[in-house]
Amino acid sequence: GSLSMPQRCEELTRQFPALEAEVISCVVEDCEDADAVATLTELHAEAFQEAAQSLTCGVHELVLDNGAGVAPQLNVGDILLLRLDQQYEDLCILSPSADKFQLSYCGQPLYWKTDTFGVHVVQGVHQGSLFEVEFTAQSAVSAHGAALDHFFDVAAWCWDGNWTPELEDRTLEMLVLLDEFLARLETFTTGAGGSGNPYQSMVSSLRKHVQRYLANSIEDHDRSAVGQCHVAMREMLQSLSTFALMTGTGEEAATFAARAAQWELARLQASPEKNQAELRSRVQRLVEATDDYVVYLMVAGDNSSKIVSAWPGLRDTIQAMMEPDGPSCGLPIDMAPFVALMSGGSAMSDVFAKLSSALGTASTGRPRTILHLPQVPLEQIDTQETSDMLVERLNEGLVNNSCVLGSVLAHYKIAEDVERCAVDLYKILSAGAGYVSQEDGSVGLVFDRRQATSPLSGLPLDYAQFLSCRKRRDRLKDVGRVVRALPKKGLKLSLRINTDLDQALDLLLRREDNWVNEKLVRVWRHMYESESHPLVVFELWVTTAEGETMVAADFGHPHNGNCFYIATRSYNKDYKHVEPGFVLAYAGAKALQAAGYALQSFGGVSNSPVMSYKPVVALPTTREKFVSMLRRVRRGKHASFEPLARGAVRAEIKEGDLWAYDDAMSKAQELARAAQQPKGTKAPKAKKTPGEQYKGADPDQKARKRAQAQAAAAARATKAP
């Protein structure tokens, strides 16, 4: 009743995909809605049967049984065939943009044509309770991008700490070679324009990061440092493939790439067998996804794409590398072909594509290819409408999680106008993305493929999924035990908001791997006092007989009404025994929930050990699922929320002040009671009163039992002496 005629016709066009839009429009105009649905159902059944043999899209079945069902995997353009075991109230489909489409039915089955990428939700009411079944519409572009990102993630963190002599030798060789190679590049960059040219800045940054990670690997045998070495060298190879052509250092670059491959071989061979097997599986999945991606490009007529012509050669290189008896021992030690895939076929094609288009992702519509380091002009996130269009493109096509804010020749940088910068940062947050700052003051937009999200309120089924994981319940139980034991040790933990920015920053900047620089700190200090674009710092303090100390801090921003984003966090390692990071994560989430917030995000998740806490304190979700959750919260009708006031939130943290603690303990007790019940036994039934004994029973069954009883009595009588 609230829809206009064109909107209703559009809704029905998706539900009756075998009918022409003109036919649907004529029926809707000529009939009442119920009659129109009945007529369209009859027409569609006949039309769909005739068109079934010539359909070019897939048809996937979802059977709803008591409000539950196994979600199929669809591609954009496929048809969902929905079979119902009963009639449900308020049956609808929520699109990835959180638009609600009511399903009208007059007979079985129901149909739905997917025309957008992302998470869709079949929603309804069963026996008074809301139910939801999710299904995701993928594409060749998104599948290829996901396969790339998952491969790189597993490759980076495959090594688990087994430091071997071979790995040490290769790491020392890389450290020496890197010093010589970068010195050669610095000689060129100095002669090519002095300190002002961008190449020298790039070389200086590479030297600082790669050498530091290599040195930390040798000294500490640290898993995080070794993984960062892999990431840094992969990025270096990507930059050098272009840089070498411009500098005439191709021979040195080739030598560096060969040594990097030997280092990779030593690292991967020192990794556990199960991790190596998973890596090989990721390579195979990537090859399959790229095959489909190239076919998609060719069918779409995009034969000019570099990847179409480059893929046969890259495929052969990868397949040869994965031969078990080959020099690579069946391991992906050469990153060059994989980097070329991410760059669209070659690094040069990637650069030329960026230089030839200042729009990057600013164009509308779905992406035709994957988006690697796309340019996002600031005006693209000026309004909610344009930022939503951007998010739809990034959601489907972005690889490697990062975007260039501004253009490839003019990155957005933090300026003297701190209020303007604060406004710009909030534009990024309103789009649902995050931000990071670089040493030169430039700001990058990040939109990770995997997100860590806490469904605080308004998303009950996602909250139930969070509680369903035993690892999360056990961690909550452990943290609760730590909090409960603190008074016996003369300790007290308290939660505060925005009481001491200097001490919080000191705690953060002590971290060697933090990405916050002086320019961003200047903006943060302004936001700390701002009401319109605030910086909110959750602080965890410990009180002892000697005094009180801040032991953890979370730096974040409220956005999109009642959503909250944690930009970065830090804790004092001297107080690891009180679990400061976990306590602050749970206590902060509880405070946000009490204030009426619906969703909290901790940003991206990967296999990196420094991110291992995120899937425990929050629910790991795909990027498309996060976008769905964010938009549902934004459009939903949730309770009003209160501004986060400065000062003490919890003077003394107890177990009940930890988010999800009480529900997790109740869930654990429920499962424990179920486990104690012997297998094969049924729960005892309540005794019925005499009047209820045969209530609702089958009359024939009662007659049979009566006859059996009479026959047994007669048999006993004949046997009696």
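Residues numbered from 1 in each chain as written. Predicted model: local features only at pLDDT ≥ 70, side-chain atom pairs only at ≥ 80, totals over all residues. Heavy atoms only, no water.

Structural notes on the side chain of Asn-498
Assignment of secondary structure puts Asn-498 in the loop between strand E16 (492–497) and helix H17 (501–509). A polar contact is formed between the side chain of Asn-498 and the backbone nitrogen of Val-537, at a distance of 2.6 Å. In this view, Asn-498 contacts Tyr-528, Leu-535, Val-536, Val-537, Glu-539 and Arg-646; residues no more than four positions away in its chain are not counted. (Helix = DSSP H or I, 4+ residues; strand = E, 2+ residues; numbered from the N terminus. Polar contact = N/O pair within 3.5 Å; in protein donor to acceptor, adjacent residues only side chain to side chain. Contact = heavy atoms within 4.5 Å.)

A word on the nonpolar core
By size, the foremost hydrophobic cluster in this structure holds 60 residues, and its most contacted members are Phe-151, Phe-256 and Phe-338. For Phe-151, the residues in contact, after removing those within four places along its chain, are Leu-279, Arg-282, Val-283, Leu-286, Pro-332, Met-335 and Phe-338. In terms of nonpolar packing, the next biggest core, distinct from the first, is built from 47 residues, Phe-466, Phe-582, Ala-587 and Val-616 among them. (Core = buried A, V, L, I, M, F, W, Y, C linked by side-chain atoms within 4.5 Å. Buried < 20%, exposed > 50% of the residue type's maximum accessible area, 1.4 Å probe, protein only.)

Details of helix H3 (residues 33–51)
End to end, H3 covers 25 Å across 19 residues, agreeing with the expected 27 Å (1.5 Å per residue, within 8%). All of the buried residues in H3 are Ala-36, Val-37, Leu-40, Thr-41, His-44, Ala-47 and Phe-48. Along its buried surface, H3 packs onto helix H1 (5–15), helix H2 (21–30), strand E1 (59–64), strand E3 (79–84) and strand E6 (110–113). (Expected span 1.5 Å × (residues − 1).)

Thoughts on the pairing of strand E15 (residues 450–455)
Within E15, five of the six residues are buried, which leaves it mostly tucked inside the rest of the structure. Bridge analysis of E15 against strand E21 (residues 619–622) gives four bridges, and the strand direction is antiparallel. Its bridge partner being in E21, Thr-453 is matched across the sheet by Leu-619. Where E15 lies against strand E20 (residues 599–604), four bridges are found, and the strand directions are antiparallel. Paired with Gln-451 across the strands is Gly-604, a residue of E20. (Pairing = 2+ DSSP bridges.)

Quick notes on the pairing of strand E17 (residues 536–544)
Of all nine residues in E17, seven are buried; the element is thus mostly enclosed. When E16 meets E17, the two strands line up antiparallel, connected through six bridges. Across the sheet, Arg-496 pairs through a bridge with Glu-539, a residue of E17. Remark: two residues form the turn of the hairpin made by E17 and strand E18 (residues 547–559), two consecutive strands paired antiparallel.

Remarks on the sheet that holds E18
Reading across the sheet, the eight strands line up as E21-E15-E20-E19-E18-E17-E16-E22 and stay open at both edges, with mixed pairing between neighbours. The open sheet has two edge strands, E21 and strand E22 (647–650), and neither has a second partner. The mean inter-strand angle of the sheet, taken between neighbouring strand axes irrespective of direction, is 35 degrees. Docked against the sheet, helix H21 (residues 623–635) engages E15, E18, strand E19 (563–571), E20 and E21, running at close to 105 degrees with respect to E21. (Axes fitted to C-alpha atoms, helices over the stretch in contact; angles between N-to-C directions.)

Digging into a negative patch on the surface
The grouping of Glu-219, Asp-220, Asp-222 and Glu-512 at the surface amounts to a negative patch. Its place among the elements puts Asp-222 in the loop between helix H6 (198–220) and helix H7 (223–247). (Patch = residues over 30% accessible without salt bridge, like charges linked within 9 Å, V, L, I, M, F, W, Y side chains within 5 Å. Areas by Shrake-Rupley, 256 points an atom, 1.4 Å probe, with all protein chains shown as cover. Salt bridge = Lys/Arg side-chain N within 4 Å of Asp/Glu carboxyl O. Lys, Arg positive; Asp, Glu negative; His and termini not counted. Charge placed at Lys NZ, Arg CZ, Asp CG, Glu CD.)

Side note on the sheet that holds strand E10 (residues 375–376)
Strand order in the open sheet formed by four strands is E10-E12-E14-E13, and the pairing between neighbours is mixed. Each of the sheet's edge strands pairs with one partner strand only, and the pair in question is E10 and strand E13 (434–437). Where strand E12 (residues 402–405) meets strand E14 (residues 443–446), three bridges bridge the pair, whose relative direction is antiparallel. The residue bridging Val-404 from the neighbouring strand is Gly-444, located in E14. Here helix H14 (residues 418–430) sits on the sheet and contacts E12, E13 and E14; the angle it forms with E13, its principal contact strand, is near 135 degrees.

Quick word on the environment of Asp-78
Note on placement: Asp-78 falls in the loop between strand E2 (74–75) and E3. When its relative accessible area of 8% is taken as the criterion, Asp-78 is described as buried. Sequence spacing of Asp-78 and His-60 is 18 residues, and the spatial spacing of their C-alpha atoms is 7.6 Å. Setting aside residues up to four positions removed in sequence, Asp-78 forms contacts with Cys-57, Gly-58, His-60, Trp-112, Lys-113 and Thr-114. Here the side chain of Asp-78 touches Asn-75 through a polar contact of 2.9 Å, landing on its backbone nitrogen.

Some points on the confidence of the model for the chain
Summary statistics for the chain give a mean pLDDT of 86 and a share of 85% for residues scoring 70 or more. Below pLDDT 50 for its whole length, residues 192–197 participates in five contacts with residues either more than four positions away or in separate chains. Note that residues 686–699 has pLDDT below 50 and, in this model, four contacts with residues that lie over four places away or in other chains. (pLDDT = per-residue confidence, 0-100.)

Here's the deal with the packing of aromatic side chains
For any two aromatic rings, the description comes down to two numbers: the centre-to-centre distance and the angle of the planes. With the rule as written, the count across this model stands at twelve aromatic pairs. Look at Phe-151 and Phe-152: their rings are 5.3 Å apart centre to centre, the planes differ by 55 degrees, and that puts the pair in the tilted class. Given the relative accessible area of 0%, Phe-151 is considered buried. Relative to Trp-515, the ring of Tyr-435 has its centre 5.9 Å away and its plane inclined at 85 degrees; by these criteria the two rings are edge-to-face. Placement of the pair is Tyr-435 in strand E13 and Trp-515 in the loop between H17 and helix H18 (518–528), with a sequence separation of 80 residues. Owing to a relative accessible area of 1%, Tyr-435 belongs among the buried residues under this scheme. Among the aromatic residues, those joined into a cluster by ring pairs are Phe-151, Phe-152 and Phe-338. For the cation-ring pair, Arg-475 lies above Phe-582, with the distance from its terminal atom to the ring centre recorded as 4.3 Å. (Phe/Tyr/Trp six-rings, centres within 6.5 Å; stacked < 30°, edge-to-face > 60°. Lys NZ or Arg CZ within 6 Å of the ring centre and 35° of its normal.)

Topic: unusual backbone geometry
With a phi close to 50 degrees, His-221 is a non-glycine residue in the positive phi region. Among the structural elements, His-221 can be located in the loop between H6 and H7. Its identity as a non-glycine residue notwithstanding, Asn-401 has a phi of 70 degrees, on the positive side. Relative to the helices and strands, Asn-401 resides in the loop between strand E11 (398–399) and E12.

With respect to the packing of H2 against H3
As a packed pair, H2 and H3 sit with axes 9 Å apart at the nearest point and diverge in direction by 150 degrees. When the axis of H2 is compared with that of H3, the two are roughly antiparallel. By crossing handedness, the relation of H2 to H3 is classed as right-handed. The residues of H3 that touch H2, namely those facing Val-23, Ile-24, Val-27 and Val-28, are Ala-36, Thr-39, Leu-40 and Leu-43. Tallied by class, residues from the contact of H2 with H3 come to seven nonpolar, one polar and no charged. (Parallel < 35°, antiparallel > 145°, perpendicular 65-115°, else oblique. Left-handed = near helix turned anticlockwise from the far one by under 90°. Nonpolar A, V, L, I, M, F, W, Y, C, P; charged D, E, K, R; others polar.)

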